[in-house]
Amino acid sequence: MLVSAKEMLQKAKAGHYAVGQFNINNLEWTKSILLTAQECQSPVILGVSEGAGKYMTGYKTVVGMVNGMIEELGITVPVALHLDHGSFEHCYKCIEAGFSSVMFDGSHYPIEENIAKTKQLVADCAAKGISLEAEVGSIGGEEDGVVGAGECADPNECKMIADLGIDFLAAGIGNIHGKYPANWKGLSFETLDAIQQLTGDMPLVLHGGTGIPADMIKKAIDLGVSKINVNTECQLSFADATRKYIEAGKDLEGKGFDPRKLLAPGAEAIKATVKEKMELFGSVGKA
Ligand code: 13P
């Protein structure tokens, strides 16, 4: 059964570790992530962008697939199904379809409008036991058409949004979706520290987890980050393993073209990446 991400992230914040949000694209992604979470006895958040939701034919399909898999694979660790960077309208579509968690990304609105829309969602999510993530300060780079400038959030605006009753807060601290450029200045720990001081117990979310060096991840967790989003890194591992399989001519040997064989190395590579992240984030054994 799906659970809200509220409790798992409160526990993570209190226990000084972070829960990974791994974005899903299809059955292979979902299965690899769920099996790894179970093997590691780690709570997990499955992230779905609006683009990935559309690709998988709609949110109802996603809910059906994830619920079915949890049951058929005997997954017992806490699993949250979360809309990633949702618009106001899509948050309601996901609530309706059976998601257990949503992110409203109002970071591109003036702060007053971000507050008004977040406030409405706080009330509607609370009534249904669904957890809500809000965002202040856009995340740089591009993810499924969501483009951000990569500014650092204003800690006072973070406090204003946190006080509305959301469950966890994403704040821009120089993080970027996708690969980091060679001249990246790193995370702004000064901003993160100021945000955590003003928002207290609120679990903070670090987007753009791909390519952030391990020491920065550890420091971010020390400064209150309890949820870390990883998307591109699983895509890169999958693509790399698939390319190697084809370059080695394995699809031409026997029934190597069978999709269950062709996609297997990529699925295994996703498992390895997810396990590595769960170990780094400290969520292993915390289910
Ligand atoms: P990456 O693709 O950089 O790992 O970012 C994932 C993310 O933040 C999802 O919202």
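Look up: the structure comes first, before these words.
Residues numbered from 1 in each chain as written. Predicted model: local features only at pLDDT ≥ 70, side-chain atom pairs only at ≥ 80, totals over all residues.

Let's talk about unusual backbone geometry
For step 1, the next point in the chain: Although it is not a glycine, histidine 16 adopts a positive phi angle of roughly 60°.
For step 2, the next point in the chain: Positionally, histidine 16 belongs in the loop between helix H1 (6-15) and strand S1 (19-23).
For step 3, the next point in the chain: In this model, threonine 57 sits at a positive phi of 80°, which is unusual for a non-glycine residue.
For step 4, the next point in the chain: Overall, threonine 57 belongs to the exposed group, with 10 C-beta atoms counted inside 10 Å. (Helix = DSSP H or I, 4+ residues; strand = E, 2+ residues; numbered from the N terminus. Buried ≥ 20, exposed ≤ 12 C-beta atoms within 10 Å, placed from the backbone.)

Here we look at the pairing of strand S4 (residues 101-104)
For step 1, the next point in the chain: Residues Ser101 and Met103 point to one face of S4 and Val102 and Phe104 to the other, with burial holding for every one of them.
For step 2, the next point in the chain: Sheet topology places strand S3 (residues 79-86) next to S4; 3 bridges connect them, and they run parallel. Its bridge partner lying in S4, leucine 83 is registered against valine 102.
For step 3, the next point in the chain: With respect to chirality, the unit in which S3 leads through helix H5 (residues 88-97) into the neighbouring parallel S4 is right-handed.
For step 4, the next point in the chain: Across 4 bridges, S4 lies against strand S5 (residues 131-136) in parallel orientation. Residue pairing in the sheet places serine 101 in a bridge with serine 131 of S5.
For step 5, the next point in the chain: Chirality of the crossover, the property in question, places the unit of S4, helix H6 (residues 111-128) and S5 among those that are right-handed. (Pairing = 2+ DSSP bridges. Right-handed = clockwise from strand over helix to strand, strands pointing away.)

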